[in-house]
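# Fold and contact review
Each chain, letter by letter, is given below.
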Amino acid sequence: MDAETTADPVASNDQWPIALTAANAWRGRCLDIFARSEAGVSETLLMLANMSRQGGIVKLPHLVGQRFEELAVLIGPTGAFASEGTATAAALSAFRQHEHLRSSLAHGVGKVVLDRQGNWLLVLRTLAFRSKLPQRTVLVIEQSEADQIVKSLQTTGGRLVSELGNLRRALGSI
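Conventions and cut-offs
- Residues numbered from 1 in each chain as written.
- Predicted model: local features only at pLDDT ≥ 70, side-chain atom pairs only at ≥ 80, totals over all residues.
- Heavy atoms only, no water.
- Axes fitted to C-alpha atoms, helices over the stretch in contact; angles between N-to-C directions.
- Helix = DSSP H or I, 4+ residues; strand = E, 2+ residues; numbered from the N terminus.
- Left-handed = near helix turned anticlockwise from the far one by under 90°.
- Contact = heavy atoms within 4.5 Å.
- Nonpolar A, V, L, I, M, F, W, Y, C, P; charged D, E, K, R; others polar.
- Expected span 1.5 Å × (residues − 1).
- Buried < 20%, exposed > 50% of the residue type's maximum accessible area, 1.4 Å probe, protein only.
- Pairing = 2+ DSSP bridges.
- Lys, Arg positive; Asp, Glu negative; His and termini not counted.
- Salt bridge = Lys/Arg side-chain N within 4 Å of Asp/Glu carboxyl O.

At a closest axis distance of 10 Å, the pairing of helix α2 (residues 64-75) and helix α3 (residues 86-96) adopts a crossing angle of 150°. Note that α2 runs across α3; the crossing there is left-handed. Contacts between α2 and α3 pair Gly-65, Phe-68, Glu-69, Leu-71, Ala-72 and Ile-75 from the former with Thr-88, Ala-89, Leu-92, Phe-95 and Arg-96 from the latter. Of the residues belonging to the contact of α2 with α3, the class tally is seven nonpolar, two polar and two charged.

Time to look at helix α5 (residues 143-172). Taking 1.5 Å as the rise per residue, α5 with 30 residues should run 44 Å; its terminal C-alpha atoms sit 43 Å apart, in good agreement. Where α5 is concerned, the buried positions are Ala-146, Val-150, Leu-153, Thr-156, Gly-157, Leu-160, Glu-163, Leu-164, Gly-165, Leu-167 and Leu-171. Buried residues belonging to α5 abut α1 (15-49), α2, α3, α4 (99-107), β2 (120-130) and β3 (133-142).

Quick look at the sheet that holds β2 now. The strand order β1-β2-β3 describes an open sheet built from three strands, whose pairing is antiparallel. The open sheet has two edge strands, β1 (109-114) and β3, and neither has a second partner. The sheet shows a mean angle of 20° between the axes of neighbouring strands, direction not considered. Judged from the ten bridges that link them, β2 and β3 form a sheet pairing that is antiparallel. Counterpart to Val-123 in the pairing with β3 is Val-140. Packed onto the sheet, α4 meets β1, β2 and β3 and runs at close to 100° relative to β2.

Within the secondary structure layout, Glu-163 lies in helix α5. As a buried residue without a salt bridge, Glu-163 has its nearest oppositely charged side chain in Arg-159, at a separation of 5.0 Å. If near-sequence neighbours (up to four positions away) are discounted, Glu-163 is found in contact with Ala-87, Thr-88 and Ala-91.

Dropping the structure here:
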């Protein structure tokens with residue numbers, strides 16, 4: 001019996017630059033959302049640092065992750081700005097679920113590869129040091145999941161930026 005075989009479609013060389021551009025554009029969109037959220041957190045911390053409340057001292061840390069943590073404490077249930085920050089605290093918590101993605105997107109060395117159907121995969125390799133020991137991570141994002149990731153970032157990031165603005169306006173009127 002003769003068996004007829006069909007070759008899997010293989011991505012052509014002209015698909016690669018298109019995939020590379022698309023993957024890098026996606027990465028840029030995600031980083032822009034992180035940058036806007038980080039700016040909002042920083043502006044809010046700056047405003048809170050200039051307000052005196054319950055003897056609390058507002059730290060202005062250098063590292064972004066520490067800024068998010070400082071704000072979370074200040075607007076958390078026992079924080080100096082808990083009563084005004086309830087909605088912001090919820091938005092901050094929702095956005096922080098994406099933190100694992102930020103360092104890979106910002107600091108990971110990327111490689112774009114194509115699967116047999118011509119869909120891109122972004123491979124991000126990161127080296128960090130924890131307690132003076134190397135910690136290597138690899139994150140792989142498939143094109144098919146990239147849209148969902150950026151939509152989730154847009155939703156939670158947009159909500160956070162909006163709530164941070166609302167909090168600054170509310171505190172500015174006190």
